[in-house]
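Structural overview
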Amino acid sequence: MSVPVLQADEQLQSILDRLVAMSERDHYDPYTMFDWPDSLPEDEYWMSPELLSIHGTKVAESFTEEQKWAISKWESVNFYSLNVDGIRELITEIIARIHTKDFALSSEYFHHMIGEENSHMWFFARFCLLYGGKVYPDKGVQLEMKSEGESAHFLVFARLLLFEEVVDFFNKRMGDDERLHPTIRKINAIHHQDESRHVAFGRQIVAHLHRQLRQKLSTEELAELELYLKRYLRKSVDGLVNPAAFKDAGIPNPYQVRNEILADPAFHELERKMLKRSMSFLVNEGIFTDDVLPRS
Amino acid sequence: MSGVAEQTTQQETERVAAQPAPTGFDAVIHYLLGKRPGLTEIDPELDLVENRILDSLGFVNFLYVLEEQTGEEILMENVTPSDFRTINAIRKRFFHESDQSGS
(Lines give C-alpha, C1' and ligand atoms only; values in the text may rest on other atoms or scores of the structure.)
Protein backbone atom coordinates (compact mmCIF):
# COMPACT_ATOMS: atom_id res chain seq x y z
CA MET A 1 0.00 0.00 0.00
CA SER A 2 1.44 3.35 -1.02
CA VAL A 3 1.96 6.03 1.60
CA PRO A 4 0.59 9.57 1.17
CA VAL A 5 3.01 12.15 -0.26
CA LEU A 6 2.34 14.44 2.69
CA GLN A 7 2.85 12.19 5.69
CA ALA A 8 1.72 12.84 9.23
CA ASP A 9 4.47 14.64 11.02
CA GLU A 10 4.00 16.21 14.44
CA GLN A 11 5.70 19.46 13.50
CA LEU A 12 3.84 19.83 10.19
CA GLN A 13 0.48 19.01 11.81
CA SER A 14 1.07 21.59 14.51
CA ILE A 15 1.98 24.26 11.95
CA LEU A 16 -1.10 23.47 9.86
CA ASP A 17 -3.35 23.74 12.93
CA ARG A 18 -1.80 27.08 13.81
CA LEU A 19 -2.18 28.44 10.28
CA VAL A 20 -5.85 27.41 10.17
CA ALA A 21 -6.43 29.25 13.47
CA MET A 22 -4.65 32.35 12.13
CA SER A 23 -6.69 32.28 8.91
CA GLU A 24 -9.90 32.13 10.93
CA ARG A 25 -8.72 34.99 13.15
CA ASP A 26 -7.70 37.22 10.19
CA HIS A 27 -10.71 36.43 8.00
CA TYR A 28 -12.28 39.46 6.25
CA ASP A 29 -14.83 40.21 3.56
CA PRO A 30 -12.86 41.39 0.51
CA TYR A 31 -15.95 42.74 -1.17
CA THR A 32 -16.51 45.38 1.52
CA MET A 33 -12.93 45.78 2.70
CA PHE A 34 -11.64 48.43 0.28
CA ASP A 35 -12.47 51.92 -0.91
CA TRP A 36 -12.43 52.06 -4.68
CA PRO A 37 -12.31 55.70 -5.85
CA ASP A 38 -13.41 56.26 -9.46
CA SER A 39 -9.86 57.14 -10.45
CA LEU A 40 -6.36 57.45 -9.00
CA PRO A 41 -4.11 60.52 -9.51
CA GLU A 42 -1.98 60.25 -12.66
CA ASP A 43 0.64 62.71 -11.33
CA GLU A 44 1.84 60.34 -8.59
CA TYR A 45 3.69 57.05 -8.38
CA TRP A 46 1.44 53.99 -8.27
CA MET A 47 4.40 51.79 -7.29
CA SER A 48 7.31 52.65 -5.03
CA PRO A 49 9.83 54.25 -7.44
CA GLU A 50 12.61 51.98 -6.18
CA LEU A 51 10.57 48.91 -7.17
CA LEU A 52 10.06 49.94 -10.79
CA SER A 53 12.00 47.87 -13.31
CA ILE A 54 13.52 51.07 -14.69
CA HIS A 55 14.87 52.24 -11.32
CA GLY A 56 18.53 53.25 -11.60
CA THR A 57 18.88 51.94 -15.16
CA LYS A 58 20.69 53.74 -17.95
CA VAL A 59 17.61 53.78 -20.17
CA ALA A 60 15.58 55.60 -17.48
CA GLU A 61 17.93 58.59 -17.48
CA SER A 62 16.16 60.06 -20.49
CA PHE A 63 12.64 59.60 -19.07
CA THR A 64 10.73 62.60 -17.69
CA GLU A 65 8.95 62.48 -14.33
CA GLU A 66 5.63 62.29 -16.22
CA GLN A 67 6.86 59.24 -18.13
CA LYS A 68 7.97 57.61 -14.88
CA TRP A 69 4.53 58.19 -13.33
CA ALA A 70 2.95 56.59 -16.41
CA ILE A 71 5.35 53.63 -16.20
CA SER A 72 4.51 53.23 -12.51
CA LYS A 73 0.81 53.09 -13.38
CA TRP A 74 1.21 50.43 -16.08
CA GLU A 75 3.86 48.42 -14.25
CA SER A 76 1.49 48.23 -11.28
CA VAL A 77 -1.27 46.96 -13.59
CA ASN A 78 1.28 44.44 -14.92
CA PHE A 79 2.26 43.43 -11.38
CA TYR A 80 -1.35 42.83 -10.31
CA SER A 81 -2.04 41.02 -13.61
CA LEU A 82 0.88 38.67 -12.85
CA ASN A 83 -0.73 38.11 -9.46
CA VAL A 84 -4.01 37.16 -11.15
CA ASP A 85 -2.19 34.67 -13.42
CA GLY A 86 -0.17 33.19 -10.57
CA ILE A 87 -3.21 32.85 -8.31
CA ARG A 88 -5.17 31.15 -11.08
CA GLU A 89 -2.40 28.52 -11.29
CA LEU A 90 -2.19 28.23 -7.51
CA ILE A 91 -5.92 27.68 -7.04
CA THR A 92 -6.03 25.17 -9.90
CA GLU A 93 -3.17 23.12 -8.46
CA ILE A 94 -4.49 23.21 -4.89
CA ILE A 95 -7.98 22.18 -6.02
CA ALA A 96 -6.44 19.26 -7.93
CA ARG A 97 -4.97 17.98 -4.64
CA ILE A 98 -7.55 18.87 -1.99
CA HIS A 99 -9.08 15.80 -0.27
CA THR A 100 -6.87 13.42 -2.22
CA LYS A 101 -5.10 10.69 -0.29
CA ASP A 102 -1.72 12.34 -0.81
CA PHE A 103 -2.75 15.66 0.71
CA ALA A 104 -5.45 14.74 3.23
CA LEU A 105 -3.27 16.19 5.98
CA SER A 106 -3.35 19.70 4.52
CA SER A 107 -6.89 19.71 3.06
CA GLU A 108 -8.36 21.77 5.90
CA TYR A 109 -5.73 24.46 5.35
CA PHE A 110 -6.17 24.21 1.56
CA HIS A 111 -9.79 25.38 2.02
CA HIS A 112 -8.52 28.55 3.68
CA MET A 113 -5.86 29.09 1.02
CA ILE A 114 -8.34 28.73 -1.81
CA GLY A 115 -10.77 31.17 -0.16
CA GLU A 116 -8.04 33.71 0.54
CA GLU A 117 -6.50 33.40 -2.92
CA ASN A 118 -9.90 33.84 -4.53
CA SER A 119 -10.26 37.11 -2.59
CA HIS A 120 -6.81 38.24 -3.71
CA MET A 121 -7.52 37.44 -7.35
CA TRP A 122 -10.76 39.41 -7.12
CA PHE A 123 -9.20 42.58 -5.69
CA PHE A 124 -6.15 42.50 -7.96
CA ALA A 125 -8.33 42.03 -11.04
CA ARG A 126 -10.70 44.77 -9.84
CA PHE A 127 -7.78 47.18 -9.51
CA CYS A 128 -6.56 46.37 -13.03
CA LEU A 129 -10.00 46.70 -14.60
CA LEU A 130 -10.98 49.87 -12.73
CA TYR A 131 -7.77 51.81 -13.20
CA GLY A 132 -6.18 50.20 -16.29
CA GLY A 133 -9.24 48.94 -18.14
CA LYS A 134 -7.67 45.50 -18.56
CA VAL A 135 -5.81 42.60 -17.02
CA TYR A 136 -2.67 41.99 -19.07
CA PRO A 137 -3.04 38.55 -20.68
CA ASP A 138 -0.90 35.63 -19.60
CA LYS A 139 1.57 35.03 -22.43
CA GLY A 140 2.57 31.56 -21.25
CA VAL A 141 2.05 28.34 -23.17
CA GLN A 142 2.53 24.76 -21.97
CA LEU A 143 4.78 23.26 -24.65
CA GLU A 144 6.01 20.06 -23.00
CA MET A 145 4.10 17.12 -21.55
CA LYS A 146 3.48 17.71 -17.85
CA SER A 147 5.54 15.49 -15.58
CA GLU A 148 3.87 13.42 -12.89
CA GLY A 149 4.70 11.89 -9.55
CA GLU A 150 6.39 13.27 -6.49
CA SER A 151 8.80 15.49 -8.41
CA ALA A 152 5.78 17.15 -10.01
CA HIS A 153 4.19 17.72 -6.57
CA PHE A 154 7.44 19.24 -5.33
CA LEU A 155 7.79 21.51 -8.37
CA VAL A 156 4.19 22.71 -8.11
CA PHE A 157 4.55 23.72 -4.47
CA ALA A 158 8.02 25.17 -5.05
CA ARG A 159 6.71 27.29 -7.95
CA LEU A 160 3.78 28.49 -5.86
CA LEU A 161 6.05 29.35 -2.95
CA LEU A 162 8.54 31.25 -5.11
CA PHE A 163 5.75 33.13 -6.87
CA GLU A 164 4.32 34.15 -3.48
CA GLU A 165 7.72 35.18 -2.11
CA VAL A 166 8.57 37.36 -5.12
CA VAL A 167 5.16 39.02 -4.95
CA ASP A 168 5.44 39.49 -1.21
CA PHE A 169 8.70 41.41 -1.61
CA PHE A 170 6.65 44.08 -3.42
CA ASN A 171 3.53 43.85 -1.22
CA LYS A 172 5.43 44.32 2.01
CA ARG A 173 7.20 47.46 0.80
CA MET A 174 4.23 49.02 -0.98
CA GLY A 175 1.90 48.28 1.93
CA ASP A 176 4.11 50.50 4.10
CA ASP A 177 4.95 53.20 1.54
CA GLU A 178 3.33 56.50 2.61
CA ARG A 179 3.99 57.98 -0.84
CA LEU A 180 1.37 55.68 -2.38
CA HIS A 181 -2.40 56.18 -2.54
CA PRO A 182 -4.27 54.60 0.43
CA THR A 183 -6.11 52.13 -1.84
CA ILE A 184 -2.79 50.93 -3.29
CA ARG A 185 -1.26 50.68 0.18
CA LYS A 186 -4.19 48.72 1.52
CA ILE A 187 -4.40 46.03 -1.17
CA ASN A 188 -0.67 45.44 -0.79
CA ALA A 189 -0.82 45.39 3.02
CA ILE A 190 -3.77 42.97 3.11
CA HIS A 191 -2.10 40.70 0.60
CA HIS A 192 1.11 40.72 2.61
CA GLN A 193 -0.79 39.77 5.76
CA ASP A 194 -2.36 36.70 4.10
CA GLU A 195 0.74 35.75 2.15
CA SER A 196 2.93 35.57 5.23
CA ARG A 197 0.82 32.54 6.26
CA HIS A 198 0.92 31.02 2.77
CA VAL A 199 4.68 31.47 2.58
CA ALA A 200 5.10 29.82 5.99
CA PHE A 201 3.06 26.84 4.78
CA GLY A 202 4.87 26.80 1.41
CA ARG A 203 8.28 26.65 3.05
CA GLN A 204 7.22 23.74 5.24
CA ILE A 205 5.76 21.66 2.43
CA VAL A 206 8.56 22.43 -0.06
CA ALA A 207 11.29 21.50 2.44
CA HIS A 208 9.32 18.39 3.46
CA LEU A 209 8.81 17.18 -0.14
CA HIS A 210 12.43 17.85 -1.09
CA ARG A 211 13.72 15.89 1.92
CA GLN A 212 11.65 12.93 0.71
CA LEU A 213 12.93 13.31 -2.86
CA ARG A 214 16.54 13.35 -1.70
CA GLN A 215 16.06 9.77 -0.47
CA LYS A 216 14.88 8.66 -3.91
CA LEU A 217 16.48 10.74 -6.66
CA SER A 218 20.01 10.77 -8.08
CA THR A 219 22.28 13.82 -7.91
CA GLU A 220 21.60 14.44 -11.61
CA GLU A 221 17.84 14.33 -11.10
CA LEU A 222 18.06 16.74 -8.16
CA ALA A 223 20.24 19.05 -10.29
CA GLU A 224 17.51 19.05 -12.96
CA LEU A 225 14.95 20.16 -10.39
CA GLU A 226 17.31 22.93 -9.28
CA LEU A 227 17.82 24.14 -12.85
CA TYR A 228 14.07 24.06 -13.50
CA LEU A 229 13.35 26.23 -10.45
CA LYS A 230 16.14 28.65 -11.29
CA ARG A 231 14.73 29.06 -14.78
CA TYR A 232 11.28 29.51 -13.24
CA LEU A 233 12.68 32.33 -11.10
CA ARG A 234 14.32 33.88 -14.16
CA LYS A 235 10.97 33.77 -15.99
CA SER A 236 9.19 35.32 -12.99
CA VAL A 237 11.69 38.15 -12.64
CA ASP A 238 11.73 38.87 -16.39
CA GLY A 239 7.92 38.91 -16.38
CA LEU A 240 8.01 42.07 -14.29
CA VAL A 241 9.39 43.87 -17.34
CA ASN A 242 6.51 43.90 -19.81
CA PRO A 243 6.82 45.73 -23.17
CA ALA A 244 3.03 46.15 -23.21
CA ALA A 245 3.30 48.26 -20.03
CA PHE A 246 5.91 50.53 -21.66
CA LYS A 247 3.73 50.78 -24.75
CA ASP A 248 0.69 51.76 -22.65
CA ALA A 249 2.87 54.32 -20.85
CA GLY A 250 3.65 55.90 -24.22
CA ILE A 251 7.32 54.89 -24.24
CA PRO A 252 8.81 54.53 -27.74
CA ASN A 253 10.65 51.27 -28.60
CA PRO A 254 9.12 49.22 -25.75
CA TYR A 255 10.93 45.99 -26.71
CA GLN A 256 14.29 47.72 -26.88
CA VAL A 257 13.62 49.32 -23.48
CA ARG A 258 12.82 45.87 -22.07
CA ASN A 259 16.02 44.37 -23.49
CA GLU A 260 18.11 47.22 -22.07
CA ILE A 261 16.54 46.87 -18.62
CA LEU A 262 17.11 43.10 -18.54
CA ALA A 263 20.78 43.69 -19.33
CA ASP A 264 21.24 46.59 -16.87
CA PRO A 265 23.14 45.97 -13.60
CA ALA A 266 20.58 48.15 -11.74
CA PHE A 267 17.82 45.69 -12.60
CA HIS A 268 19.98 42.80 -11.42
CA GLU A 269 20.45 44.61 -8.13
CA LEU A 270 16.66 44.84 -7.76
CA GLU A 271 16.47 41.14 -8.69
CA ARG A 272 19.08 40.29 -6.06
CA LYS A 273 17.08 42.12 -3.40
CA MET A 274 13.75 40.57 -4.35
CA LEU A 275 15.17 37.03 -4.38
CA LYS A 276 17.47 37.31 -1.37
CA ARG A 277 15.10 35.69 1.10
CA SER A 278 14.06 32.90 -1.27
CA MET A 279 17.65 32.13 -2.24
CA SER A 280 18.73 31.86 1.40
CA PHE A 281 15.89 29.43 2.08
CA LEU A 282 16.60 27.31 -1.02
CA VAL A 283 20.34 27.13 -0.38
CA ASN A 284 19.94 26.49 3.37
CA GLU A 285 17.48 23.66 2.70
CA GLY A 286 19.85 22.06 0.17
CA ILE A 287 17.37 22.58 -2.67
CA PHE A 288 19.84 24.87 -4.47
CA THR A 289 23.60 24.34 -4.52
CA ASP A 290 24.24 28.05 -5.18
CA ASP A 291 22.34 31.31 -5.66
CA VAL A 292 23.23 31.97 -9.30
CA LEU A 293 20.39 32.29 -11.82
CA PRO A 294 20.70 31.61 -15.56
CA ARG A 295 20.60 34.73 -17.74
CA SER A 296 17.49 35.89 -19.63
CA MET B 1 47.91 32.11 -19.55
CA SER B 2 44.73 33.64 -18.19
CA GLY B 3 45.77 36.99 -19.69
CA VAL B 4 45.79 35.46 -23.18
CA ALA B 5 42.40 33.90 -22.57
CA GLU B 6 40.99 37.22 -21.41
CA GLN B 7 42.46 39.01 -24.41
CA THR B 8 40.95 36.44 -26.78
CA THR B 9 37.57 36.78 -25.08
CA GLN B 10 37.71 40.55 -25.40
CA GLN B 11 38.67 40.32 -29.09
CA GLU B 12 35.74 37.97 -29.63
CA THR B 13 33.39 40.34 -27.79
CA GLU B 14 34.58 43.28 -29.88
CA ARG B 15 34.23 41.25 -33.07
CA VAL B 16 30.66 40.28 -32.19
CA ALA B 17 29.81 43.84 -31.11
CA ALA B 18 31.13 45.20 -34.41
CA GLN B 19 28.73 43.00 -36.39
CA PRO B 20 25.33 44.53 -37.12
CA ALA B 21 22.58 42.97 -35.00
CA PRO B 22 20.41 40.65 -37.07
CA THR B 23 16.85 41.75 -37.70
CA GLY B 24 13.59 40.16 -38.77
CA PHE B 25 13.54 36.40 -39.14
CA ASP B 26 17.36 36.24 -38.85
CA ALA B 27 17.05 37.72 -35.34
CA VAL B 28 14.65 34.92 -34.39
CA ILE B 29 17.12 32.26 -35.59
CA HIS B 30 19.96 34.09 -33.84
CA TYR B 31 17.98 34.06 -30.58
CA LEU B 32 17.17 30.35 -30.83
CA LEU B 33 20.80 29.48 -31.63
CA GLY B 34 21.81 31.42 -28.52
CA LYS B 35 19.69 29.02 -26.43
CA ARG B 36 21.96 26.13 -27.42
CA PRO B 37 25.64 27.18 -27.39
CA GLY B 38 27.61 25.17 -29.91
CA LEU B 39 24.72 24.96 -32.36
CA THR B 40 25.47 26.79 -35.63
CA GLU B 41 22.29 26.03 -37.55
CA ILE B 42 18.84 24.59 -36.98
CA ASP B 43 17.08 22.24 -39.39
CA PRO B 44 13.86 24.05 -40.37
CA GLU B 45 11.83 20.94 -39.57
CA LEU B 46 13.59 20.14 -36.28
CA ASP B 47 11.14 19.87 -33.37
CA LEU B 48 12.29 22.79 -31.20
CA VAL B 49 10.46 21.52 -28.13
CA GLU B 50 11.62 17.89 -28.28
CA ASN B 51 15.18 19.13 -28.81
CA ARG B 52 14.92 21.48 -25.84
CA ILE B 53 15.68 24.63 -27.79
CA LEU B 54 12.31 26.09 -26.81
CA ASP B 55 10.31 25.26 -23.70
CA SER B 56 7.56 26.72 -21.54
CA LEU B 57 9.94 28.54 -19.20
CA GLY B 58 11.72 30.31 -22.06
CA PHE B 59 8.59 30.90 -24.08
CA VAL B 60 7.59 34.43 -23.06
CA ASN B 61 11.01 35.90 -23.78
CA PHE B 62 10.93 34.18 -27.18
CA LEU B 63 7.44 35.55 -27.83
CA TYR B 64 8.72 39.08 -27.22
CA VAL B 65 11.53 38.51 -29.74
CA LEU B 66 8.89 37.47 -32.27
CA GLU B 67 6.70 40.49 -31.44
CA GLU B 68 9.66 42.87 -31.71
CA GLN B 69 10.76 41.46 -35.06
CA THR B 70 7.28 41.23 -36.61
CA GLY B 71 6.15 44.54 -35.18
CA GLU B 72 2.88 42.97 -34.04
CA GLU B 73 1.61 41.90 -30.65
CA ILE B 74 0.81 38.19 -30.61
CA LEU B 75 -2.57 37.42 -29.05
CA MET B 76 -2.54 34.06 -27.34
CA GLU B 77 -6.10 33.25 -28.37
CA ASN B 78 -4.92 33.35 -32.00
CA VAL B 79 -2.02 30.88 -31.69
CA THR B 80 -1.46 27.24 -30.74
CA PRO B 81 1.67 25.44 -29.47
CA SER B 82 2.12 23.89 -32.95
CA ASP B 83 2.78 27.40 -34.36
CA PHE B 84 6.08 27.40 -32.44
CA ARG B 85 7.31 23.81 -32.91
CA THR B 86 9.60 24.24 -35.93
CA ILE B 87 11.44 27.01 -37.76
CA ASN B 88 9.20 26.44 -40.78
CA ALA B 89 6.04 26.70 -38.66
CA ILE B 90 7.28 29.97 -37.12
CA ARG B 91 8.25 31.36 -40.50
CA LYS B 92 4.90 30.53 -42.03
CA ARG B 93 2.74 31.68 -39.13
CA PHE B 94 4.49 34.88 -38.11
CA PHE B 95 6.52 35.96 -41.15
CA HIS B 96 4.00 34.72 -43.72
CA GLU B 97 6.74 32.97 -45.68
CA SER B 98 6.62 29.48 -47.20
CA ASP B 99 8.70 26.45 -46.10
CA GLN B 100 12.34 26.31 -47.04
CA SER B 101 14.33 23.12 -47.30
CA GLY B 102 17.53 24.58 -45.81
CA SER B 103 18.04 26.77 -42.73
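Small disclaimer: the values here were computed from a predicted structure and weren't measured.

1. Topic: the pattern of salt bridges
Across all of its chains, the model carries 27 salt bridges over all chains by this definition. In this structure, Arg234(A) engages Glu271(A) in a salt bridge whose closest nitrogen and oxygen atoms are separated by 3.0 Å. Residue Arg234(A) is located in helix α7 (residues 219–238), and its partner Glu271(A) is located in helix α10 (residues 265–284); the two are separated by 37 residues in the primary sequence. Judged by relative accessible area, Glu271(A) falls into the buried class, the value being 9%. The partner of Asp47(B) in a salt bridge is Arg85(B), with the nearest N and O atoms 3.0 Å apart.

2. A closer look at the nonpolar core
Ranked by size, the top nonpolar core spans 98 residues in total, and within it Phe154(A) and Phe170(A) carry the most contacts. Of the residues forming this core, the biggest block, 14 residues, is contributed by helix α5 (residues 150–175) of chain A.

3. A closer look at the side chain of Ser53(A)
All names here are of chain A. Within the element layout of this structure, Ser53 appears in the loop between α2 (30–33) and α3 (65–97). A distance of 2.6 Å separates a polar atom in the side chain of Ser53 from a polar atom in the side chain of Glu75. The residues touching Ser53, leaving out its near neighbours within four places in the chain, are Glu75, Leu240, Val241, Phe246, Ile261, Phe267 and Leu270.

4. Section: the packing of α5(A) against α7(A)
Residues and elements named next belong to chain A. With their axes 11 Å apart at the nearest point, α5 and α7 run at an angle of 30 degrees to one another. Of the possible angle classes, the one that applies to α5 and α7 is roughly parallel. At the point where α5 passes α7, the crossing takes the right-handed sense. Of α7, the residues touching α5 (which contributes Ser151, Phe154, Leu155, Ala158, Arg159, Leu162, Phe163 and Val166) are Leu225, Tyr228, Leu229, Tyr232 and Leu233. Of the residues contributing to the contact of α5 with α7, the split by class is eleven nonpolar, one polar and one charged.

Cut-offs used in this document
- Residues numbered from 1 in each chain as written.
- Chains lettered and ligands numbered in written order.
- Predicted model: local features only at pLDDT ≥ 70, side-chain atom pairs only at ≥ 80, totals over all residues.
- Heavy atoms only, no water.
- Salt bridge = Lys/Arg side-chain N within 4 Å of Asp/Glu carboxyl O.
- Helix = DSSP H or I, 4+ residues; strand = E, 2+ residues; numbered from the N terminus.
- Buried < 20%, exposed > 50% of the residue type's maximum accessible area, 1.4 Å probe, protein only.
- Core = buried A, V, L, I, M, F, W, Y, C linked by side-chain atoms within 4.5 Å.
- Polar contact = N/O pair within 3.5 Å; in protein donor to acceptor, adjacent residues only side chain to side chain.
- Contact = heavy atoms within 4.5 Å.
- Axes fitted to C-alpha atoms, helices over the stretch in contact; angles between N-to-C directions.
- Parallel < 35°, antiparallel > 145°, perpendicular 65-115°, else oblique.
- Left-handed = near helix turned anticlockwise from the far one by under 90°.
- Nonpolar A, V, L, I, M, F, W, Y, C, P; charged D, E, K, R; others polar.

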